[in-house]
Amino acid sequence: MKEKELIKAALSARERAYCPYSGIAVGAALLTADGKIYTGANIENAAFSPSVCAERVALFSAVHAGERNFAALALCGGKRGDVPCGLFPPCGVCRQTLSEFCSPDFEILLIQDNERYEKRTLAELFPDRFGGECL
Ligand code: THU
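This one's a predicted model, so the numbers in the text were calculated from it and none came from an experiment.

1. Section: the pairing of strand S1 (residues 24-32)
No. 1: Judged by how many residues are buried, S1 sits mostly within the fold: eight of nine residues are covered.
No. 2: As defined by bridge partners, S1 adjoins strand S3 (residues 70-79) across nine bridges and the pair is classed as antiparallel. Bridge pairing in S3 links Ala25 to Gly78.

2. Focus on helix H3 (residues 92-101)
No. 1: Along H3, the residues classified as buried are Cys94, Arg95, Thr97, Leu98 and Ser99.
No. 2: Of the surrounding elements, those touching the buried residues of H3 are helix H2 (54-64), S3, strand S4 (107-111) and helix H4 (122-125).

3. Description of unusual backbone geometry
Of all residues except glycine, most have a negative phi; of all peptide bonds, most are trans.
No. 1: Although it is not a glycine, Phe48 sits at a positive phi angle of roughly 65 degrees.
No. 2: Looking at where Phe48 falls in the secondary structure, it is placed in the loop between strand S2 (37-41) and H2.

4. What to know about the side chain of Glu55
No. 1: Residue placement: Glu55 occurs in helix H2.
No. 2: In this structure, Glu55 is buried with no salt-bridge partner, the nearest side chain bearing the opposite charge being Arg56 at 6.3 Å.
No. 3: The residues contacting Glu55, other than those within four sequence positions of it, are Ala28, Leu73, Leu75, Pro90, Cys91 and Cys94.

5. Thoughts on the packing of aromatic side chains
No. 1: According to the stated counting rule, one finds one aromatic pair in the structure shown.
No. 2: Where Tyr21 meets Phe48, the ring centres are 5.9 Å apart and the plane angle is 55 degrees; that geometry is what we call tilted. Of this pair, Tyr21 sits in the loop between helix H1 (2-14) and S1 while Phe48 sits in the loop between S2 and H2, and the two are 27 residues apart along the sequence.

6. Quick look at the nonpolar core
No. 1: In terms of nonpolar packing, the biggest core is built from 19 residues, with Leu30, Phe70, Leu73, Leu98, Phe106 and Ile108 touching the most fellow members.
No. 2: For this core, the elements supplying multiple residues, two or more each, are S1, H2, S3, S4 and H4.
No. 3: A total of five residues in this core trace back to one element, the largest contributor, which is H2.
No. 4: Once you skip the residues sitting within four places of it in the chain, Phe70 turns out to touch Leu30, Leu31, Thr32, Ala33, Leu59, Ala62, Val63, Phe101, Cys102 and Phe106.
No. 5: One finds Ile7, Ala9, Ala29 and Leu31 within the second-largest nonpolar core, a separate group that totals twelve residues.

7. As for the pattern of salt bridges
No. 1: Using the criterion set out here, one finds seven salt bridges in the structure.
No. 2: Taking the shortest distance from any N to any O, the salt bridge between Glu118 and Arg120 comes out at 2.9 Å.
No. 3: We classify Glu118 as partly exposed; its relative accessible area is 28%.
No. 4: Note that Arg129 and Glu133 form a salt bridge whose closest N and O atoms lie 2.8 Å from each other.
No. 5: Given the relative accessible area of 32%, Arg129 is considered partly exposed.
No. 6: Residue Glu133 is classed as exposed on the basis of its relative accessible area, which comes to 56%.
No. 7: Where salt bridges share partners, they join Glu3, Glu107 and Lys119 into one cluster.

What counts and how
- Residues numbered from 1 in each chain as written.
- Predicted model: local features only at pLDDT ≥ 70, side-chain atom pairs only at ≥ 80, totals over all residues.
- Heavy atoms only, no water.
- Buried < 20%, exposed > 50% of the residue type's maximum accessible area, 1.4 Å probe, protein only.
- Helix = DSSP H or I, 4+ residues; strand = E, 2+ residues; numbered from the N terminus.
- Pairing = 2+ DSSP bridges.
- Contact = heavy atoms within 4.5 Å.
- Lys, Arg positive; Asp, Glu negative; His and termini not counted.
- Salt bridge = Lys/Arg side-chain N within 4 Å of Asp/Glu carboxyl O.
- Phe/Tyr/Trp six-rings, centres within 6.5 Å; stacked < 30°, edge-to-face > 60°.
- Core = buried A, V, L, I, M, F, W, Y, C linked by side-chain atoms within 4.5 Å.

In structure tokens, the structure reads:
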């Protein structure tokens, strides 16, 4: 079942986080409309602001591979080396970035621990988005 596979992919992507400064490891797995999975983890930087979140690593690698249609994203985070810390919601920059490519009914699976997760739509997490139509 795709949701379980997506969650497993996010948990495993989290293991490849580069997070020496915050010690918070985040993993994301993005499902395309035609069933492919792209993963990402947060990659930090000594200058802090160039750090990139897990969701954007996954999204940008998918977009650069030519993908444009997305169905869902699974996300998990918490102290590196520990199990996921409970709901780990996407930051505002990632919500905005996802909204460029994903529709309001795009699903976000917030992984609580190795077994439980909660589902939200992008519209629930990010209503009244700023999009191209605002320009
Ligand atoms: N982080 C993510 O990867 N995704 C988010 O949506 C929130 C925060 C990362 C950035 C930083 O490396 C660490 O979590 C602590 O903020």
